[in-house]
Amino acid sequence: MTVAPGPVDGFTPNVPTAAVELRLLSEANLTELLDAAVADADPADVMPAVSGPPDWTEDRRRAFRDFHRARSIATAEPAEVTYVITLDDRVIGAARLQPSADSVEMGIWIGRSHRGRGIGRLVAAELLALAQQTDATWIVASTTSDNTAAQQLLRDIGATLTTTDVAVDAVLDARRPHS
Ligand SMILES: CC(C)(COP(=O)(O)OP(=O)(O)OC[C@H]1O[C@@H](n2cnc3c(N)ncnc32)[C@H](O)[C@@H]1OP(=O)(O)O)[C@@H](O)C(=O)NCCC(=O)NCCS
C-alpha cells in the first residue's frame, strides 16, 4: 500500500510521500530485506541478539531469515504482520504490527542512509492507521532510553512515554484519533 499521501499533521517529509510504500513481507522479498539490513543496519537494530562474533555473520543472516519465517511468513500462526518499507521500489527497512491480548505492538527500522528524512514519521502514521483498524484497545511500542530518534518519533504520533532504567515504553489509546 502507498503511504497515505498529503500533509501529515503539518509535517513535511524530505521525500515524496508517494515514493514510500509498505508491502507485505513474503518469501519473495525476504532476501531484499536481508540485503538492505546487511548493507545499511546494525543487527541489533533489526533482529534479536544472536551469540557469536559481531556484525553480519552467516549465522546471523540465517537467523534473520529464520526469524521472519517463524514470526510471519512461513507459519500457520503468525505472531506479527511484517511489511517491507520501500522507497522508489527499493527495500529500505521493515515495519511490524504484533497483536497481543488487548494491544498491538508496532516496530520500525529504517536503513541508516535513509534515516532523518521523515520516512519513519510517514511509516509510523501508516502503521498507526493500520493498528487502529484492529480490535486493539492500546497501541504500544518500546525502545531504549538512548534512542532519541525512536522516542521523538513515538512522541510525534501522540504516544505517552514512560522511561525506566534502560527502556522506554510508549502507549496510545487506539480509539482516539491521533496525528
Ligand atoms: C527510529 C527510526 C525508525 C526513525 O526513523 P527516521 O526515518 O530516521 O525518522 P524521521 O526522520 O521521520 O524522524 C522522526 C523524528 O525523530 C527525530 N530524529 C530523527 N533522527 C534523530 C536523531 N538521530 N536524534 C534525535 N532526533 C532524531 C526527527 O527530528 C523527527 O522529529 P520531529 O518530527 O519532531 O522533527 C530510525 O532511526 C531507525 O530505524 N532506528 C533504528 C531502529 C529503531 O530504533 N527502531 C525503533 C524501535 S520503536
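Scroll up a little and you will see the structure.
For clarity, every value in this text was computed on a predicted model and none was experimentally measured.

**Q** So what's going on with the sheet that holds strand β4 (residues 103–110)? Which residues, and what values?
**A** The sheet built from seven strands is open, its strands ordered β1-β2-β3-β4-β5-β7-β6 with mixed pairing. At either margin of the open sheet sits one strand with a lone partner, and together these are β1 (20–24) and β6 (160–163). For this sheet the average axis-to-axis angle between neighbouring strands, irrespective of direction, equals 25°. As defined by bridge partners, strand β3 (residues 90–100) adjoins β4 across eight bridges and the pair is classed as antiparallel.

**Q** So what's going on with unusual backbone geometry? Residues and values would help.
**A** Despite not being glycine, Asp-89 shows a phi value in the positive range, around 75°. With respect to the helices and strands, Asp-89 occurs in the loop between β2 (81–87) and β3. On the neighbour-count criterion, Asp-89 (8 C-beta atoms within 10 Å) is exposed.

Quick notes on the rules
- For every chain, the first residue of the written sequence is number 1, and numbering continues from 1 onward in sequence order.
- Residue-level local features of this predicted model are given only where pLDDT is at least 70; pairs of side-chain atoms are given and counted only at 80 or more, and the full residue set underlies all totals for whole chains, interfaces and linings.
- Note on pairing: DSSP must find at least two bridges between two strands before they are called paired.
- Strands here mean DSSP runs of E at least two residues long; helices mean DSSP runs of H or I at least four residues long; both are numbered from the N terminus.
- Angles here are taken between N-to-C directions and fall from 0 to 180 degrees, while the axes themselves are lines fitted to C-alpha atoms, restricted in helices to the stretch in contact.
- Each residue is classified by how many other C-beta atoms fall within 10 Å of its C-beta atom, where C-beta atoms are placed from the backbone; a count of 20 or more means buried, 12 or fewer means exposed, and values in between mean partly exposed.

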